[in-house]
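# Results of the structural survey
In case you want the letters, here they are:
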Amino acid sequence: MIGNRRQFLAAAAALPFAQALAGAADEDKRKRLGVVQYSYALRLAADRAAGKTGFNDPLAFVEHCRELGAGGVQTAIGLRDKDYLAKLRKKVEDNGMDLEGTIRLPKDRMDLDRFTAETRAARDAGAKVLRTVLMGGRRYEQFTSIEDFRAAADRAEKSVKLAEPVVAKHDMLLAIENHKDYRTGELLALLKRLDSRNVGVCVDTGNSIALLEDPLEVVRQLAPRAFTVHLKDMAVAEYEDGFLLAEVPLGEGFLDLPKMVRLLREARPDIRFNLEMITRDPLRVPCLSDKYWATAANVSGRTLARTLALVRKHKQALPHISGRSQKEQLAMEEENVRKSLVYARKHLEL
């Protein structure tokens, strides 16, 4: 009796999600929102800690996203044998989904063979886009001087120049994310120097707020060079050294998502959108500290004032995961993804 009651309650809780996606099987999944692997960062870490493959296996991740009704995935494919890549490609294609890869740029010529092999594997699995980043960390946390940042930027540019002929040869698109490292003008200047049809942008709709950039203007400027999108919503609040920045389920933050989607579709009608909803404690953006400005000397006081005004206008209570059990954190992560997919279907035609 108790078991039946629990099953009934679980089914009832899942009903709104199922209803919101009703009829999705009859539509083209490629028009629907995909899911970025990092939306399950907690689950990925838990699987690794338990010695399980879990969502670190692209096949398992694709299956989970298929069950959610997502239109595709963006995930690390890595090095796989031919049989595995054939299975992955078939699973994606049979379900009308889309596959994008995530890849690390070659550090130097010694690392070029690894990059080439991973590019070839992604192509054989059916991916056409590879998302990457120029720097692994946040600019204002990673560097203490503009000289250090410029040296890292020089290394990053050399890495992209090594990668470009490889992706061009394999007819792949390399999408560089605005990753709290380069400001928009710096990223566009790099792309202009590269002058390659195979290197463009993975537009993240929220990251550049951390660099005091207006999120809608970032999308407007990057849209013409976009190959793919990390769609997210953001919430903010003040703290003593600046502001807090948190990803929240789509529709629960302050970003003008309908307008962002429209701008991207107008510039790139066939652009793919992927949900990146990272469930974690809010990030600290210490824009009132000396260290923050070590690599931001060219940013004006007016820009800082505009950003702080935006924070005060839109401040809200922010979600936290610290203090919660692992089970609660994983449940929160899953719910955030599901909420976002429902919102995208109802309000963004994704």
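These notes cover the structure that comes with them. Being a predicted model, the structure only gives us computed values, none of them experimental.

What counts as what
Residues numbered from 1 in each chain as written. Predicted model: local features only at pLDDT ≥ 70, side-chain atom pairs only at ≥ 80, totals over all residues. Heavy atoms only, no water. Pairing = 2+ DSSP bridges. Helix = DSSP H or I, 4+ residues; strand = E, 2+ residues; numbered from the N terminus. Axes fitted to C-alpha atoms, helices over the stretch in contact; angles between N-to-C directions. Salt bridge = Lys/Arg side-chain N within 4 Å of Asp/Glu carboxyl O. Buried < 20%, exposed > 50% of the residue type's maximum accessible area, 1.4 Å probe, protein only. Contact = heavy atoms within 4.5 Å. Right-handed = clockwise from strand over helix to strand, strands pointing away. Parallel < 35°, antiparallel > 145°, perpendicular 65-115°, else oblique. Arc of directions from axis to C-beta. Core = buried A, V, L, I, M, F, W, Y, C linked by side-chain atoms within 4.5 Å.

Below, the discussion takes up the sheet that holds strand 11 (residues 283-285). The strand order 8-9-11 describes an open sheet built from three strands, whose pairing is antiparallel. Taken across any chain shown, the strands that pair with only one partner, and hence form the sheet edges, are strand 8 (233-239) and strand 11. Sheet twist, expressed as the average angle between the axes of neighbouring strands with direction ignored, equals 30°. Two strands pair when backbone bridges link them, and strand 8 and strand 9 (residues 242-248) are joined in this way by seven bridges, in the antiparallel orientation.

Right, let's talk about the pattern of salt bridges for a bit. If charged atoms from side chains of opposite charge come close, those side chains can pair. Under the defined criterion, the tally for this structure stands at 24 salt bridges. Glu 63 is paired through a salt bridge with Lys 91; the nearest N and O atoms lie 2.8 Å apart. A residue pair is termed long-range when its members are at least 10 positions apart, and Glu 63 in helix 3 (residues 58-68) and Lys 91 in helix 4 (residues 82-94) qualify at 28 residues. Counted as one network, the salt bridges with shared partners bring together Asp 204, Lys 232, Glu 247, Glu 276 and Arg 280.

This next bit is on the pairing of strand 8. Of all seven residues in strand 8, six are buried; the element is thus mostly enclosed. The hairpin turn running from strand 8 into strand 9, its antiparallel successor, is two residues long.

Once that is clear, we can look at the sheet that holds strand 7 (residues 226-231). The strand order around the closed barrel formed by eight strands is 1-2-3-4-5-6-7-10, and the pairing between neighbours is parallel. Strand after strand, the sheet turns through a mean of 30° between neighbouring axes, direction not considered. Each of strand 1 (34-36) and strand 2 (72-76) is contacted by helix 3, which is oriented at about 155° to strand 2, the strand it contacts most. Across the face of the sheet, helix 7 (residues 146-169) comes into contact with strand 4 (129-132), strand 5 (173-177) and strand 6 (199-204) while running at roughly 150° to strand 5.

Take the pairing of strand 2 next. When you tally the buried positions in strand 2, you get four out of five residues, the bulk of the element. Where strand 1 lies against strand 2, two bridges are found, and the strand directions are parallel. Bridged to Val 36 within strand 2 is Gln 74. Across five bridges, strand 2 lies against strand 3 (residues 98-102) in parallel orientation. Residue Gln 74 lies in a different strand from strand 3, and its bridge partner there is Glu 100. This β-α-β element, strand 2 to helix 4 to strand 3, shows right-handed connectivity.

Their axes nearest at 9 Å, the elements helix 9 (residues 215-222) and helix 10 (residues 257-267) cross at an angle of 10°. When the axis of helix 9 is compared with that of helix 10, the two are roughly parallel. Residues Pro 215, Leu 216, Val 219 and Arg 220 of helix 9 form the contact with helix 10, whose own contacting residues are Lys 259, Met 260, Leu 263 and Leu 264.

This next bit is on the packing of helix 3 against helix 4. Helix-helix packing is characterised by the crossing angle of the two axes and by the distance between the axes. Axis separation between helix 3 and helix 4 bottoms out at 10 Å; the angle between their running directions is 10°. Considering their axes alone, helix 3 and helix 4 lie roughly parallel with respect to each other. Along the contact surface, helix 3 presents Pro 58, Leu 59, Val 62 and Glu 63, while helix 4 presents Tyr 84, Lys 87, Leu 88, Lys 91 and Val 92.

So, on to helix 8 (residues 184-194). Because each turn of an α-helix spans 3.6 residues, side chains separated by three or four positions in sequence point in the same direction. Within the span of helix 8, buried status applies to Thr 184, Leu 187, Leu 190, Leu 191 and Leu 194. Projected down its long axis, helix 8 carries its buried residues within an arc of 130°, all on one side. Contacts made by the buried residues of helix 8 are with helix 7, strand 5, strand 6 and helix 9. At the C-terminal side of helix 8, Asp 195 shows a positive phi close to 50°.

Turning to helix 2 (residues 41-49), a few remarks are in order. Of the residues making up helix 2, those classed as buried are Leu 42, Leu 44, Ala 46 and Asp 47. Its buried side turned inward, helix 2 meets helix 12 (326-347). Of the residues flanking the end of helix 2, it is Gly 51, one or two places downstream, whose phi is positive at about 75°.

Located in the positive-phi region is Lys 180, a residue other than glycine, with phi close to 60°. Among the secondary structure elements, Lys 180 is positioned in the loop between strand 5 and helix 8. Phi is positive for Asp 195, close to 50°, though the residue is something other than glycine. Note on placement: Asp 195 falls in the loop between helix 8 and strand 6. We classify Asp 195 as exposed; its relative accessible area is 68%.

Moving on, we come to the nonpolar core. Within soluble globular proteins, side chains that are nonpolar generally end up buried alongside one another. One finds Leu 134 and Phe 243 to be the most contacted residues of the largest nonpolar core, which totals 94 residues. Sorting elements by how many residues they give to this core places helix 7 first, with nine residues. When neighbours within four sequence positions are excluded, Leu 134 is seen to be in contact with Leu 105, Ala 156, Val 160, Ile 176, Asp 181, Tyr 182, Leu 187 and Leu 190. Core analysis: the next-biggest nonpolar cluster, separate from the first, contains seven residues, Ala 235, Tyr 239, Leu 244 and Leu 318 among them.

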